[in-house]
Amino acid sequence: MDELILAIESSCDETSVAIVKNGSTILTNIIASQIKSHERFGGVVPEVASRHHVEQIGYCIQDALEEANVSPEELAAVAVTKGPGLVGALLIGITAAKAFAWANDLPLIGVNHMAGHICAARFVTEVTYPAMALLVSGGHTELVYLPAEGVYEIIGETRDDAAGEAYDKVGRVLGLTYPSGKKIDELAHKGKDTYHFPRAMLNDDTYDFSFSGLKSSFINLVHNAQQRQEELDQANLAASFQASVVDVLVAKTIRACQEFPVQQLIVAGGVAANQGLREQLAETIKTTLPNVELIFPPLKLCGDNAAMIGSAASIERKKGHFADLALNAEPSLAFERYEKKDFE
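Criteria and cut-off values
- Numbering of residues starts from 1 in every chain and runs along the sequence as written.
- Whole-chain, interface and lining totals are the exception, using all residues; otherwise, since this is a predicted model, local features are given only for residues with pLDDT of at least 70 and side-chain atom pairs are given and counted only at 80 or more.
- Side-chain metrics rest on all non-hydrogen atoms present in the structure, leaving aside hydrogens and water.
- The way it works is that DSSP assigns letters per residue, a run of H or I at least four long becomes a helix, a run of E at least two long becomes a strand, and they are numbered from the N terminus.
- For a compact globule the rule gives 2.2 Å times the number of residues to the power 0.38, and the radius of gyration it is set against comes from C-alpha atoms.
- Per-residue accessibility, obtained with a 1.4 Å probe over protein chains only, is compared with the maximum for each type, and a residue is labelled buried under 20%, exposed over 50%, and partly exposed between these values.
- We call two residues in contact whenever any of their non-hydrogen atoms come within 4.5 Å of each other.
- Surface accessibility in these figures is a Shrake-Rupley result with a 1.4 Å probe; residues are shielded only by whichever protein chains are displayed.
- The sign given to each residue is positive for Lys and Arg and negative for Asp and Glu; His and the chain ends receive no count.
- The location of each charge is read from NZ of Lys, CZ of Arg, CG of Asp or CD of Glu.
- Expected helix span is computed as 1.5 Å times (number of residues minus one).
- We call two N or O atoms a polar contact when they sit within 3.5 Å, provided that within protein one can donate a hydrogen and the other can accept it, with sequence-adjacent residues counted only if both atoms are side-chain atoms.
- A pair of strands is considered paired only if DSSP assigns at least 2 bridges between the two.
- Where helices are involved, their axes are fitted lines through C-alpha atoms of the stretch in contact, as for all axes, and angles between N-to-C directions lie from 0 to 180°.
- The nonpolar core is taken to be a set of buried Ala, Val, Leu, Ile, Met, Phe, Trp, Tyr and Cys residues, with the residues joined through side-chain atoms within 4.5 Å.
- The bend reported for a residue corresponds to the angle between axes fitted to the seven residues ending at that residue and the seven starting there.

Focus: the overall build of the protein
Then step 1. When you go through the protein residue by residue, the secondary structure sums to 10 helices and 11 strands.
Then step 2. For the protein, the C-alpha radius of gyration of 20 Å lies close to 20 Å, the compact-globule estimate for 344 residues.
Then step 3. Taken along the three principal axes of its C-alpha coordinates, the protein extends 65 × 50 × 30 Å.
Then step 4. A buried classification covers 53% of the 344 residues belonging to the protein.
Then step 5. Across the protein, contacts joining residues at least 24 apart in sequence account for 74% of those joining residues at least 6 apart.
Then step 6. Total accessible area on the protein is roughly 15,200 Å²; 49% of this is exposed by carbon and sulfur atoms.
Then step 7. With 28 positive and 45 negative side-chain charges, the protein shows a separation of 4 Å between the mean positions of the two kinds.

Below, the structure written as structure tokens:
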């Protein structure tokens, strides 16, 4: 019998409800975006996001059931993002999931949002373990080792700004509207790396990242030019900034895949939609690690969505990891750090 999971995602500025079959097939994936509401503020306003979730969550659940032509009686479980994310936004989704699960006598599953991003790869192909994941989403830039299904261990992470945060801050300096990652990517393809920004921590012996210095270097260059009334080429600025980010992400990721016994590399999160990153990783993997399969989720599943939560929940259900009605938001939820095993 097919496993049908209704999943809810509300960790930030997308209200999403999906129904996923057997962890790898999307029956429906409703997404109510709030980008237009936050655009004028230049970033996500938590209170505004929470209010939108309250307004949209009921409609999204109803639309998902109708679009998939599924009744509550056919569902195997209800899944919801429990963290990380904005606490108010998370609580809206959790409250709705608990109410729906209780009303329909269904098991409840709490899901780590970042595990959801990684599990978006399951809609492309079956994941083979051990695997590696480069997770670049919002305030997160992490290298995650996956020794087995449902096991996530951080081997490296950002020590300050994440790649996505750097993109948004640089976009603000360039006068681009929020979110600016896609616009910078498009500009970068029209320019050249002429400003040669620093590649922080590129050659150190950890898998950690740092993008704060790059952001500061970019801002200082632009502000100094403005004081001198010197005009800078926006396309070249974007290309130089993106080259710095991508060079570090690719170099660290390739080294991790060389030093861990992985068969697949999953790239997940909003920045996984970046064409510059996709192109350079694909080219480098092909020449340096031809036996490692590179997996990118479809562009529409790189951002926040409930389908990925449903896929991750399928793994948790298989492991018997259920929540009760005391489930609460965990805004700072994180994977455990990797610890070298004795046999390695």
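We are not done yet, so read on.
Considering unusual backbone geometry
Residues other than glycine predominantly adopt negative phi, and peptide bonds predominantly adopt the trans conformation.
Then step 1. P84 follows G83 through a cis peptide bond whose omega is -10°.
Then step 2. As for its placement among the helices and strands, P84 is situated in the loop between β4 (77–83) and α3 (87–103).
Then step 3. Residue Y178 is joined to P179 through a cis peptide bond whose omega torsion reads -10°.
Then step 4. Position of P179 among the secondary structure elements: in the loop between α5 (163–173) and α6 (181–188).
Then step 5. At D105, a position not held by glycine, the phi torsion is positive, near 55°.
Then step 6. With a relative accessible area of 72%, D105 lands in the exposed category.

Let's talk about helix α10 (residues 306–318)
Then step 1. Relative to the 18 Å expected for 13 residues at 1.5 Å per residue, α10 spans 19 Å between its end C-alpha atoms, a close match to the ideal helical length.
Then step 2. Most of α10 is tucked away: 11 of the 13 residues are buried.
Then step 3. Listed in full, the buried residues belonging to α10 are A306, A307, M308, I309, G310, S311, A312, A313, S314, I315 and E316.
Then step 4. Each element contacted by the buried residues of α10 is listed here: β1 (4–9), β2 (14–21), β3 (25–33), β4, β5 (108–112) and α4 (113–119).
Then step 5. Backbone nitrogen of A307 and a side-chain oxygen of the N-cap are separated by 3.1 Å at the start of α10; the cap is N305.
Then step 6. A positive phi of about 80° marks G320, the residue just after α10.

Topic: the sheet that holds β3
Then step 1. A sheet is described by the order of its strands in space; here 5 strands give the open sequence β3-β2-β1-β4-β5, paired in mixed fashion. The open sheet has two free edges, formed respectively by β3 and β5, since each of these has just one partner strand. With direction set aside, neighbouring strand axes in the sheet form an average angle of 20°.
Then step 2. Pairing between β4 and β5: 5 bridges, direction parallel. Following the sheet pairing, T81 is matched in β5 by V111.
Then step 3. Together, β1, β2 and β3 form the strand contacts of helix α2 (residues 46–68), whose direction differs from that of β2 by roughly 25°.
Then step 4. The sheet contacts of α10 involve β1, β2, β3, β4 and β5, and relative to β1 the element is tilted by about 125°.

A closer look at the nonpolar core
Then step 1. Core analysis: the largest hydrophobic core is formed by 50 residues, its most contacted members being M132, I155, F241, L277 and L281.
Then step 2. For this core, the element with the most residues is helix α8 (residues 234–259), which contributes 13 residues.
Then step 3. Excluding its chain neighbours within four sequence positions, the residues that come into contact with L277 are V136, V246, L249, V250, V267 and V271.

Describing α2
Then step 1. With 23 residues, α2 should cover 33 Å at 1.5 Å per step; its first-to-last C-alpha distance of 31 Å lies within 8% of that length.
Then step 2. The axis of α2 is deflected most strongly, by about 40°, at Q56.
Then step 3. By the burial criterion, the buried members of α2 are A49, S50, H53, I57, C60, I61, A64, L65 and A68.
Then step 4. The secondary structure elements touched by the buried residues of α2 are β1, β2, β3, α1 (35–39) and α3.
Then step 5. One or two steps after α2, the chain reaches N69, where phi turns positive at roughly 55°.

Observations regarding the pairing of strand β7 (residues 140–146)
Then step 1. Among the 7 residues of β7, 6 are classified as buried, and the element is accordingly described as predominantly covered.
Then step 2. Two strands pair when backbone bridges link them, and strand β6 (residues 131–137) and β7 are joined in this way by 7 bridges, in the antiparallel orientation. By the bridge assignment for β7, A131 is matched with L146.
Then step 3. If you look at the hairpin formed by β6 and β7, you'll find 2 residues sitting between the two strands, and G138 has a positive phi there, around 55°.
Then step 4. Two strands pair when backbone bridges link them, and β7 and strand β8 (residues 153–157) are joined in this way by 4 bridges, in the antiparallel orientation. Its bridge partner lying in β8, V144 is registered against I154.
Then step 5. The turn linking β7 back onto β8 is made up of 6 residues, and G150 within it adopts a positive phi angle of 80°.

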